[in-house]
Number of protein chains: 2
Amino acid sequence: MEEMDDKKTILIVDDEKPIVDILVYNLEKEGYNTLEANDGVTAVEIATTKKPDLILLDIMLPKMDGLTVCKKIRSSLNVPILMLTAKDEEIDKILGLELGADDYITKPFSVRELMARIKANLRKSEIKENANNIGEDGKTKKIVVGPLELDLDKFEAKVDGEVIDLTIREFEVLKFLASQAGQVITREVLLEKVWGYEYYGDIRTVDVTVRRIRGKIEKDTANPRILITKRGVGYYIRNN
Amino acid sequence: MEEMDDKKTILIVDDEKPIVDILVYNLEKEGYNTLEANDGVTAVEIATTKKPDLILLDIMLPKMDGLTVCKKIRSSLNVPILMLTAKDEEIDKILGLELGADDYITKPFSVRELMARIKANLRKSEIKENANNIGEDGKTKKIVVGPLELDLDKFEAKVDGEVIDLTIREFEVLKFLASQAGQVITREVLLEKVWGYEYYGDIRTVDVTVRRIRGKIEKDTANPRILITKRGVGYYIRNN
DNA sequence: AGATTTTTTTACAAAATTATTACAAAAATA
DNA sequence: TATTTTTGTAATAATTTTGTAAAAAAATCT
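These numbers were taken from a predicted model, which means no experiment stands behind them. (Residues numbered from 1 in each chain as written. Chains lettered and ligands numbered in written order. Predicted model: local features only at pLDDT ≥ 70, side-chain atom pairs only at ≥ 80, totals over all residues. Heavy atoms only, no water.)

**Quick word on the packing of helix α2 (residues 40–50) of chain B against helix α3 (residues 66–76) of chain B**
All names here are of chain B.
Thinking step 1. Running from N to C, α2 and α3 point in directions that differ by 15°, and their axes come no closer than 10 Å. With respect to each other, α2 and α3 are oriented roughly parallel. Handedness of the α2/α3 crossing: right-handed. Taken together, the residues of α3 that come into contact with α2 (itself represented by Gly40, Ala43, Val44, Ala47 and Thr48) are Val69, Lys72, Ile73 and Ser76.
Thinking step 2. Here the residues of the contact of α2 with α3 sort into five nonpolar, three polar and one charged. (Axes fitted to C-alpha atoms, helices over the stretch in contact; angles between N-to-C directions. Helix = DSSP H or I, 4+ residues; strand = E, 2+ residues; numbered from the N terminus. Parallel < 35°, antiparallel > 145°, perpendicular 65-115°, else oblique. Left-handed = near helix turned anticlockwise from the far one by under 90°. Contact = heavy atoms within 4.5 Å. Nonpolar A, V, L, I, M, F, W, Y, C, P; charged D, E, K, R; others polar.)

**Describing the pairing of strand β8 (residues 156–159) of chain B**
Residue and element names in this part refer to chain B.
Thinking step 1. Alignment of strand β7 (residues 148–151) against β8, held across four bridges, turns out to be antiparallel. Bridge pairing in β8 links Glu149 to Lys158.
Thinking step 2. Relative to strand β9 (residues 162–164), β8 runs antiparallel, the two being bridged by three bridges. By the bridge assignment, Val159 is partnered in β9 with Glu162.
Thinking step 3. The hairpin formed by β8 and β9 contains two residues between the paired strands, and Asp160 there has a positive phi angle of roughly 50°. (Pairing = 2+ DSSP bridges.)

**Some remarks on the protein's contact with DNA strand D**
Thinking step 1. Around DNA strand D there are 23 residues in total, and Thr167(A), Arg169(A), Arg212(A), Thr167(B) and Arg212(B) lie nearest to it.
Thinking step 2. Among all atoms of DNA strand D positioned within 4 Å of the protein, those belonging to sugar or phosphate total 65%.
Thinking step 3. The side chain of Arg169(A) places a nitrogen or oxygen atom 2.4 Å from a phosphate oxygen of DNA strand D.
Thinking step 4. A distance of 3.0 Å separates a phosphate oxygen of DNA strand D from a polar atom in the backbone of Asp202(B).
Thinking step 5. Where the surface near DNA strand D is concerned, the elements lending two or more residues are α6 (168–178) and α8 (205–217) of chain A together with α8 (205–217) of chain B.
Thinking step 6. Considering only residue class, the surface near DNA strand D consists of eight nonpolar, six polar and nine charged. (Near = heavy atom within 4 Å. Polar contact = N/O pair within 3.5 Å; in protein donor to acceptor, adjacent residues only side chain to side chain.)

**Regarding the pairing of strand β7 (residues 148–151) of chain A**
Residues and elements named next belong to chain A.
Thinking step 1. Note that strand β6 (residues 142–145) and β7 share four bridges and pair antiparallel. Each residue of the ladder has a partner; that of Lys142, found in β7, is Asp151.
Thinking step 2. The turn joining β6 and β7, which pair antiparallel and follow one another in sequence, is formed by two residues; a positive phi near 55° is taken by Gly146.
Thinking step 3. Remark: four residues form the turn of the hairpin made by β7 and strand β8 (residues 156–159), two consecutive strands paired antiparallel; Phe155 in that turn has positive phi of roughly 55°.

Read these as layout, nothing more, since geometry by itself doesn't imply function.
This is how it looks when you write it as structure tokens:
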């Protein structure tokens, strides 16, 4: 299934092989593509040629230190950079941020937390892009199903042409459902795909979010015409 | 009702009695069955013979360490494994994940969080199972028999092109019958395949469900043309 | 035909699932 | 930091589905 939007690519810059392996393993399990660089020079090279969607950057690196790498990359690319630092290098952390890093995480880190950070940063950068109105390849990505129209670049929904203001979570649920309109999606799958790796909460959270979406896109929430319940299974977007 | 999925069984692998006791107490309170193993060798043995739905596995164990246990179990079983680690064993944690563990939690852990994690991991493993039932091959899976058409993705039935709204139970019965159209299926088999092995209810429940299906798909329920009774045997879907 | 077995039909209660609401926690923003 | 917004949780209400039982109807057998 999947492939709603194409896979995001993440560049891992670290000279410690075991750490790189762990990161690659977990990132790919989560559905990202990965690139590797073991030193600073290679990192800058790969970053500029391959243009990854996010960079994980260790501060301690051979040939060129992480801070310099960060600065270099930033001078030519607007990619989110997540710094990896050894503990108690507080000064470095801050310097890193000044240099344009978007976030940092201290080693040893929990894989779970890292995944959450990555996801959050990717999302932020998507939003930023649209704010600048820089439509990468020019064309606007949209999903249209009946009266529902989702503008994936603007994070904007329209129903019968009228703009609806949705929160990110609401938008993502709607997007996932709409990308497979007509197909019933279970709550389990929604939690897994929208809430993701880091989520351990109650499954009924989905119901409440659906309720909130309905409150915004349906004229009569008791008789929804767009986002339909398939009792005993899940929810789907009507497509006929 | 729904005795289809009985209680989930969780195998606890830890050599510290107090911890095991706490886990057992809380898990059973939450409605899980529990199994215990105090060392690695026993763990592998119980895991393979009893096939629990999820395994809680401490990394520090007598006889065989947790990582090895994890690897061993994984080689033969596809059960979710949740590793328990003492704090600051970050490397171990991650190694555990590389070895195929699905998640980890550090000691001392909050019971509440552990329960949430267990729930989430069970949920994920259910998704995998489901995914096999539903067509992942891109095309929508359908069963067509005469005027009857079942869309397995939408949980939707059509008769002569007209959409019929069925409940899941009704849909499942129809699906089972339709998947072997022309063949008479006994009530016993239907109960076992649709209601599940552990169903203790009355066999006439099948009749009522059939009646309800007929009420929806047949024009004249007294003279069914799709779902036919074979008196003294069972029911079948006409396919000629 | 009458008795017996089996199935159909109906109505009702119980069970399961979903919707709704209010509130608290967390996150984002000013 | 304070304020606002978003999100998750939990409790309750509303709704739908399902199982059961009992009676009616139909088929089968003597």
